[in-house]
Amino acid sequence: MSDLDQLTQSLARNLKRWRNERGFTLDALAARSGVSRGMIIQIEQARSNPSVGTTVKLADALGVSITTLLDHEQGPHVRLVPPEQAVRMWSTPAGSHTTLLVGTEARGPLELWSWSLVPGEGSASDPHPQGTTELLHVVAGVLTLVVDGVEHTVPAGTSAVFEAAAPHTYRNDGGETVEMTMAVSIPPAR
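Residues numbered from 1 in each chain as written. Predicted model: local features only at pLDDT ≥ 70, side-chain atom pairs only at ≥ 80, totals over all residues. Heavy atoms only, no water.

Quick notes on the side chain of E44
So, point 1. Here E44 shows up in helix α3 (residues 37-44).
So, point 2. In terms of polar contacts, E44 uses its side chain to reach the side chain of R19, at 2.6 Å.
So, point 3. Ignoring anything within four residues of it in the chain, the contact list for E44 reads A12, L15, K16, R19 and L26. (Helix = DSSP H or I, 4+ residues; strand = E, 2+ residues; numbered from the N terminus. Polar contact = N/O pair within 3.5 Å; in protein donor to acceptor, adjacent residues only side chain to side chain. Contact = heavy atoms within 4.5 Å.)

So, in structure tokens, the structure goes:
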């Protein structure tokens, strides 16, 4: 298989995959991208080698990079994030902090977080988009989780899941540092 054939096959496979993951019909992707429905069909069937401009329009409409659309890896994609590449998002002088460990855009953003809350500290969050779900697991300490004004006590070893479209707060009202892992699933853009 030539390089051009491999590129055509990769683009066909990836365009169809990302269109389906975003929940876009052919007509919806055509409207979002400005690329005709017929051209999208030809690309997905590997019967066309679109221009760079067309490929960029499709990538932009799907919210992915052009390299993601052209990626020719055959197996499952694995991305390792070493500790030094995790992103510290929030911290206090007393030592509380959150770290974004890893995230993905598949079926809408999905993020994995590591949290540390020292005694007496907390973090409040505004409501997230409708359909956002948060899952958390407390590893140490006792978390006070407040969702839409209702307090929930979450001791070490306990997990919780909630719809995050309401105001919510994470607090440490105890005497031991709270360590927890949290995943946030955000619905895809429609």
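More follows now that the structure is in view.
A word on the packing of aromatic side chains
So, point 1. Across all of its chains, the model carries 2 aromatic pairs by this definition.
So, point 2. On the numbers, 6.0 Å between centres and 45° between planes, the contact of W90 with W115 is tilted. Of this pair, W90 sits in strand β1 (residues 87-91) while W115 sits in strand β3 (residues 110-117), and the two are 25 residues apart along the sequence.
So, point 3. For W90, a relative accessible area of 25% puts it in the partly exposed group.
So, point 4. Consider the rings of W115 and Y170, whose centres lie 4.7 Å apart with planes at 55°: the pair is tilted. Here the residue W115 occupies a position in strand β3, and Y170 occupies one in strand β9 (residues 168-171), the gap between them amounting to 55 residues. The two residues W115 and Y170 agree in class, both being buried.
So, point 5. An aromatic cluster of three or more residues is present, and its members are W90, W115 and Y170. (Phe/Tyr/Trp six-rings, centres within 6.5 Å; stacked < 30°, edge-to-face > 60°. Buried < 20%, exposed > 50% of the residue type's maximum accessible area, 1.4 Å probe, protein only.)

Thoughts on helix α2 (residues 26-33)
Residue pairs three or four apart in sequence face the same way in an α-helix, which turns once every 3.6 residues.
So, point 1. L26, L29, A30 and S33 are the residues of α2 that are buried. When α2 is viewed along its axis, its buried side chains cluster within an angular range of 100° and face the same direction.
So, point 2. Tucked inside the fold, the buried residues of α2 contact α1 (3-22), α3 and α4 (52-62).
So, point 3. Following α2 by one or two positions, G34 adopts a phi angle in the positive range, close to 80°. (Arc of directions from axis to C-beta.)

Things to note about the sheet that holds strand β4 (residues 122-125)
So, point 1. The sheet built from 4 strands is open, its strands ordered β4-β9-β6-β7 with antiparallel pairing. Each edge of the open sheet is held by one strand with a lone partner, namely β4 and β7 (150-155). Strand-to-strand twist across the sheet, computed as the mean angle between neighbouring axes with direction ignored, equals 15°.
So, point 2. As paired elements, β4 and β9 share 4 bridges and run antiparallel to each other. If you follow A124 over to β9, its bridge partner there is T169. (Pairing = 2+ DSSP bridges. Axes fitted to C-alpha atoms, helices over the stretch in contact; angles between N-to-C directions.)

Concerning the environment of D5
So, point 1. Within the secondary structure, D5 is located in helix α1.
So, point 2. You can call D5 partly exposed: its relative accessible area is 41%.
So, point 3. A sequence separation of 41 residues divides D5 from A46, and the C-alpha atoms of the two residues are 8.5 Å apart.

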